Amino acid sequence: MQLVVARIGRAHGIKGEVTVEVRTDEPELRLAPGAVLATEPSSVGPLAITAGRVHSGRLLLRFEGVADRTAAEALRNTLLIAEVDPEEVPEDPEEFYDHQLMDLDVVTRDGTEVGRISEISHLPYQDLLVVQRPDGSEVLIPFVSEIVPEIDLEEQRAVIDPPPGLLDDSQAEIATGRATTDGDS
């Protein structure tokens, strides 16, 4: 099975390095020198990693045959795809591969049906579960333990504890624009 493990960003320097947006919890395994990755678009790859390093909090990679800034910039927005055994699971029991989460039923703690996971959106600061509701609408659920306290792969369900307003706008709590102190009105 193929999993997207990174997206190539802009070129870094003049010797062919690129920044990458990591989309795996195991970059030391998936994005290590010697790894050969498929690409999307497929015409760009496969790409073999020759070197990697962290600079200012960003992972930089260098690929075989990419020796200058022009060649590196041509790779921008390319997805890097690793071949993974479908039976493989992450070492940490709190981590999941996207394919494990797809099509899970989503219910609240009291058993109320919310919908089914149709997509996982990887954002810079957190992941979102895109849930298709029975009426055809979508709801975005932040994939954090406070809101998604349980993933049960055997039962094929995700249990959520949504804050007010996440599932129903009429229950949203409105935050005020400023704090008041004694004497203010």
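Procedures and definitions
- Residues numbered from 1 in each chain as written.
- Predicted model: local features only at pLDDT ≥ 70, side-chain atom pairs only at ≥ 80, totals over all residues.
- Heavy atoms only, no water.
- Helix = DSSP H or I, 4+ residues; strand = E, 2+ residues; numbered from the N terminus.
- Contact = heavy atoms within 4.5 Å.
- pLDDT = per-residue confidence, 0-100.
- Polar contact = N/O pair within 3.5 Å; in protein donor to acceptor, adjacent residues only side chain to side chain.
- Pairing = 2+ DSSP bridges.
- Axes fitted to C-alpha atoms, helices over the stretch in contact; angles between N-to-C directions.
- Salt bridge = Lys/Arg side-chain N within 4 Å of Asp/Glu carboxyl O.
- Buried < 20%, exposed > 50% of the residue type's maximum accessible area, 1.4 Å probe, protein only.
- Core = buried A, V, L, I, M, F, W, Y, C linked by side-chain atoms within 4.5 Å.

**Here we look at the environment of Arg-116**
Here is step 1 of the chain: Looking at where Arg-116 falls in the secondary structure, it is placed in strand E8 (residues 113-122).
Here is step 2 of the chain: Beyond its immediate stretch of four places on either side in the chain, Arg-116 contacts Asp-103, Leu-104, Asp-105, Val-130, Val-131 and Gln-132.

**With respect to the confidence of the model for the protein chain**
Here is step 1 of the chain: With 85% of its residues at a pLDDT of 70 or more, the protein chain shows a mean pLDDT of 83.
Here is step 2 of the chain: By mean pLDDT, helix H1 (residues 27-30) is the weakest element of the protein chain at 78, and strand E7 (residues 105-108) is the strongest at 93.

**Brief notes about the side chain of Glu-17**
Here is step 1 of the chain: In this structure, Glu-17 sits in strand E2 (residues 17-22).
Here is step 2 of the chain: A distance of 2.9 Å separates a polar atom in the side chain of Glu-17 from a polar atom in the side chain of Arg-53.
Here is step 3 of the chain: If sequence neighbours within four positions are ignored, Glu-17 has contacts with Ala-11, His-12, Arg-53, Leu-60, Leu-61, Arg-62 and Ala-72.

**Some thoughts on the sheet that holds strand E6 (residues 79-83)**
Within a sheet, neighbouring strands are paired by backbone hydrogen bonds and run either parallel or antiparallel to one another.
Here is step 1 of the chain: Here we have six strands rolled up into a closed barrel, ordered E1-E2-E5-E4-E3-E6, and antiparallel in their pairing. Neighbour-to-neighbour, the strand axes of this sheet turn through a mean angle of 50°, independent of strand direction.
Here is step 2 of the chain: Here E2 runs beside strand E5 (residues 58-63); their pairing, made up of three bridges, is antiparallel. Opposite Val-20, over in E5, you have Leu-59 as the bridge partner.

**Side note on the pattern of salt bridges**
Here is step 1 of the chain: Counted according to the given criterion, the structure contains six salt bridges.
Here is step 2 of the chain: In this structure, Arg-7 engages Glu-21 in a salt bridge whose closest nitrogen and oxygen atoms are separated by 3.0 Å. Residue Arg-7 is located in strand E1 (residues 2-12), and its partner Glu-21 is located in strand E2; the two are separated by 14 residues in the primary sequence.
Here is step 3 of the chain: For Arg-116, the salt bridge goes to Asp-105, with nearest N and O atoms at 2.7 Å. Of this pair, Arg-116 sits in strand E8 while Asp-105 is found in strand E7, placing the two residues 11 residues apart along the sequence.
Here is step 4 of the chain: In this structure Asp-105 comes out as partly exposed when scored by relative accessible area, which is 31%.

**Details of the nonpolar core**
Here is step 1 of the chain: Formed by 22 residues in total, the largest nonpolar core has its most connected members in Ile-8, Leu-31, Leu-61, Phe-63 and Leu-80.
Here is step 2 of the chain: Breaking this core down by element, the ones donating at least two residues are E1, E2, strand E4 (47-55), E5 and E6.
Here is step 3 of the chain: If we ignore the near neighbours within four places in the chain, the residues touching Phe-63 are Ile-8, Val-18, Leu-47, Ala-48, Ile-49, Thr-50, Leu-75 and Leu-80.
Here is step 4 of the chain: Counting 16 residues, the second largest nonpolar core, distinct from the first, contains Leu-104, Ile-120, Val-139 and Ile-147.

**Looking at the sheet that holds E8**
Here is step 1 of the chain: Read across the open sheet, the six strands follow the order E10-E9-E8-E7-E12-E11; overall the sheet is mixed. Because the sheet does not close on itself, it has two edges, and the strands there are strand E10 (138-142) and strand E11 (150-152). Within the sheet, the average angular offset between the axes of one strand and its neighbour, ignoring direction, is 35°.
Here is step 2 of the chain: Bridge count between E7 and E8: three bridges; the pairing is antiparallel. Residue pairing in the sheet places Val-107 in a bridge with Glu-113 of E8.

**Details of the pairing of E7**
The side chains of a regular strand alternate, residue by residue, between the two faces of the sheet.
Here is step 1 of the chain: The antiparallel hairpin formed by E7 and E8 contains four residues in its connecting segment, where Gly-111 sits at a positive phi of about 90°.
Here is step 2 of the chain: Pairing geometry for E7 and strand E12 (residues 157-160), over four bridges, is parallel. In the sheet register, Val-107 faces E12, and the bridge partner there is Val-159.

**Some thoughts on unusual backbone geometry**
Here is step 1 of the chain: The linkage connecting Glu-40 with the following residue, Pro-41, adopts the cis geometry, with an omega of 10°.
Here is step 2 of the chain: Relative to the elements of secondary structure, Pro-41 occurs in the loop between strand E3 (36-40) and E4.
Here is step 3 of the chain: Non-glycine residue Asn-77 carries a positive phi angle of around 70°.
Here is step 4 of the chain: Mapped onto the fold, Asn-77 is located in the loop between helix H2 (69-73) and E6.
Here is step 5 of the chain: Accessibility expressed as a relative area gives 48% for Asn-77, which makes it partly exposed.

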